[in-house]
Amino acid sequence: MDERTLRVLEYEKVKQRLAEQAASSLGKNLALSLSPSARVKTVRAALAETAEARRLLERYGTPPFGGLTDAGPLVARARAGGRLEPDELLRIGDFLRCVRRLRGYLLQGVEDAPLLAQMGETLSQHEDLEKEIGRCIDDNGNVRRTASEQLGRLIDRADVLERRARERMESILRREAERGLLQDPIIVQREGRFCLPVQTNQQSRFHGIIHDRSDSGATVFMEPLEVVEIGNELRQNYLEMTAEVERILRALSAQVGMIAGELEEDLKTAGTLDFITAKGRLAQTMNATEPDLVSEPRLKLHGARHPLLSGNVVPIDVWLGEDFDTLVITGPNTGGKTVTLKTVGLLALMAQSGLHIPADPGSQLTAWPFIYADIGDEQSIEQSLSTFSGHLTQIVKILSRVGAHQRQRSRQGNDAGPERALVLLDEVGAGTDPTEGAALARAILLELHEAGCRTIASTHYNDLKVFAYATDGVENASVQFDVKTLQPTYKLLIGHAGSSNAFEIAQRLGLARSIVRRGREYLSEEQVKFEEVMGQVEQQRRLLHERTREAQTTQRDLDRLKQQYETDLEKLEARRRKAIEDGFSEAETIIREAEERAREIIADLQRQGKQSKVTQQRREELVELRRKVREQQQQSVAPAQQPVEEKPQEPELEEVLLGDPVFVPAFGRDGVVVAVPREGVVAVQVGNLRVETRLQELRPAKEPQNTEGAAIAERMQTRKTYEVPREIDVRGMTVDEAVLELDKYLDDVVLARFPKVRIVHGKGTGLLRKGIHEFLRKQKHVREFHIADHEEGGEGATEVFL
């Protein structure tokens, strides 16, 4: 991004506000180093992280960042074998506790924030080291006496020695004080030794060792000879205590060093989570929303507010890149033109930084690779040539870069598309002669427009209003100004050209009417006519806009009714198809059960012979079953049929051959003849259902003949010449080879009307069995399947029920 653009749009101030929301220096540093991205994938992920952080804040409160500090230097020193001080180890322990709690916080919100939960899963867990540091170091950063048994014993011995030394010193203090040798009757310590403050002129009378002298030289601090031995023991004990503390600290530091790599990654992750949470907090404080990221170079902001303004901020609606690519904003000074430009530019930068924007839901932005802004803070009419030169220098840079982009795109063969650049120009062409400035501004805007840039410019020039009206893809806009109150409303009106209202403002401010009237007289006739024509144009545009809006409303209503009609039609068609399918399913079930029962009866007949009374009953039962099957075939779909209008009588079929396509009126569908007429009854395959009907009830097929009939006929003819086996052996085949064989085998089995078959696949690694089972689950002819019984092959075979 252009550095000047970032500066004039005050992007740094937004980053400062973001850094204030961070809980640690790690998060603050990431916030201050933030920069916009033009990569759609990166921007989309960053916006999603912000949304997740906000959901977690709203549902679970503030994350547990207590103890999160930049412990990187401490971890690096431990990695290198260095020893950490007690307070430094305490910081490591606090960080470990922070990581543990942060991980739990994120994992509890896995449904609300899956992306952040994944980051939480990467955080390491070292609760043992956390507890060990807490056991050895107290909250004040001191090594606890319970850190080791040896340290506890040394501390106890030191307490005994100190008590004995003090008792002896107090006795000596009283004695020497009575002799008048002491400067003050107190016991002091110098270099870890117990001493008494002896007057310098009396030191020869005091039996002891000098350890220090006062600044004035009037006092020497002497250790009595009577306590030297105890002092030596105590000194030795202190040295041993120091060594033990050193050993404890080095042991803890070594443990930190062993996991230094994990801790460094945890620091990065925790810092990033702090930064992401700061983005969520900033979105809350700004009442911001996540913008919709679109791929086209356009923007549409609803209720947009400048993120750095406080108080009662008037929201604006602004859009660009659909009906028009260049927007020219006119209106009086202090009316909000500059704020509009800054709002658009800053919200675009925020979105591309992964920040939510202060705007209403549904606002749209794209990831602009280039954003350029030339916005000056000077609002005085007394602009100097140097100001004009400064603005023009920036515009020259913008045009130069846009030209470079175009040349690069042309070399890459992408010159047909629009330039993905957002350009914001404040008071374009101002600071010089109005006539020349307006002409120059028009040329600049036309150059950017023809380059395909998305441009928003503010101006006072009337010529640019005409330019916007006369140029396709360029639109006028204005900021409202209440001439009664002399206050701007800060509302942006797209499609309406604004006015400076100079005479109205001057008169309201108290300028004499005569002066205002004289000023109006100085306007040329062309200028007056121009204002009249502009007013008429504006009125016609408003009328056209209202009619267009009414037409759009009507069109939306028509589209809604059309969509509702199509939806209702689809629902009715779905209900019709379901009714027919339910009829097929019911018929198939009844027929399958009847055929199974018929086979049982035939088997009984074969076993019992032909003369018994039971055999006669079985025959009668078989006849009844066949009658019911035939009735079901013809009547099962009756509930699904709906009253229809009478149609011309279709010709009857006099003859059909095996494989002929025919139409079955009872089912309302085409089928294929799978058995030639016998006693006037024809077998027809309709979808998955085999039905029997009289030849007179069939009609010519509705759909053109395809190869299905020939294929079925060929299979049915082949059935006459050989017996379809009741099992298939696919052992030794790959899954793909076995599936091909099974596909053909199941077709033959279905035509043969077998209720059950067996597939022998062997045990092996189980991969072949798994592949076959997956294939069977997808077959509509298969009712169920399971591993065969032990005597039928066990896990090496599968029984399939059709």
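On a predicted model such as this, the values are computed, not experimentally measured, just so you know.

A. Quick look at the packing of aromatic side chains. With the rule as written, the count across this model stands at two aromatic pairs. Residues Y60 and Y105 carry aromatic rings whose centres are separated by 6.3 Å and whose planes lie at 75° to one another, so their mutual orientation is edge-to-face. Of the two residues, Y60 sits in helix 4 (residues 40-60) while Y105 sits in helix 6 (residues 86-108), which places them 45 residues apart along the sequence. Summarising the aromatic geometry, the rings of F370 and Y372 are spaced 6.4 Å apart at their centres and angled 5° between planes, so their arrangement reads as stacked. The side chain of R190 reaches across the aromatic face of F221, ending 4.2 Å from its centre. The lysine or arginine in question, R726, covers the ring of F754, its NZ or CZ lying 3.7 Å from the ring centre.

B. Highlighting empty space enclosed by the protein. Here the structure, examined in full by the defined rule, presents two cavities of 30 Å³ or more. Within this model, the second largest cavity holds a volume of roughly 40 Å³. Taken together, A53, L56, L57, P63, Y105, L106, L116, L273 and T277 make up the lining of the second largest cavity. Along the lines of polarity and charge, the residues of the lining of the second largest cavity split into eight nonpolar, one polar and no charged.

C. How the structure looks around the sheet that holds strand 1 (residues 188-190). The strand order 1-2-4-3 describes an open sheet built from four strands, whose pairing is antiparallel. In the strand order of this sheet, the two ends are held by strand 1 and strand 3 (208-213), each with one partner. On average, each strand axis in the sheet is tilted by 50° relative to the strand beside it, whichever way the strands run. Here five bridges tie strand 3 to strand 4 (residues 219-224), and the two strands are oriented antiparallel to one another. Of the residues in strand 4, the one forming a bridge with R213 is V220. Each of strand 2 (193-199) and strand 4 is contacted by helix 9 (residues 149-178), which is oriented at about 15° to strand 2, the strand it contacts most.

D. Here's a closer look at the confidence of the model for the protein. Per-chain confidence: the protein averages 82 in pLDDT, with 79% of residues scoring 70 or above. Counted against residues more than four places away or in other chains, residues 636-647, with its pLDDT under 50, gives 11 contacts. In the predicted structure, residues 717-722 sits below a pLDDT of 50 and forms five contacts with residues beyond four places in sequence or in another chain.

E. Fine view of the sheet that holds strand 23 (residues 797-801). Strand order across the open sheet formed by four strands is 20-21-23-22, with mixed pairing between neighbours. Two strands lie at the open edges of the sheet, namely strand 20 (727-729) and strand 22 (784-787), each paired on one side alone. Averaged over all neighbouring strand pairs, the angle between strand axes comes to 20°, with direction disregarded. By the bridge criterion, three bridges tie strand 20 to strand 21 (residues 756-760) in an arrangement that is parallel. Paired with I728 across the strands is I759, a residue of strand 21. The sheet strands contacting helix 21 (residues 735-752) are strand 20 and strand 21, and the helix crosses strand 20 at an angle near 165°. Against the sheet, helix 22 (residues 767-777) makes contact with strand 21, strand 22 and strand 23, and its axis sits at roughly 165° relative to strand 22, the strand it touches most.

The rules we used
Residues numbered from 1 in each chain as written. Predicted model: local features only at pLDDT ≥ 70, side-chain atom pairs only at ≥ 80, totals over all residues. Heavy atoms only, no water. Phe/Tyr/Trp six-rings, centres within 6.5 Å; stacked < 30°, edge-to-face > 60°. Helix = DSSP H or I, 4+ residues; strand = E, 2+ residues; numbered from the N terminus. Lys NZ or Arg CZ within 6 Å of the ring centre and 35° of its normal. 1 Å grid on protein atoms, 1.4 Å probe; cavity = no way out; pocket = protein on both sides within 12 Å on 5 of 7 lines; lining within 4 Å. Points joined across faces, edges and corners; volume = space filled by probe spheres on them. Nonpolar A, V, L, I, M, F, W, Y, C, P; charged D, E, K, R; others polar. Pairing = 2+ DSSP bridges. Axes fitted to C-alpha atoms, helices over the stretch in contact; angles between N-to-C directions. Contact = heavy atoms within 4.5 Å. pLDDT = per-residue confidence, 0-100.

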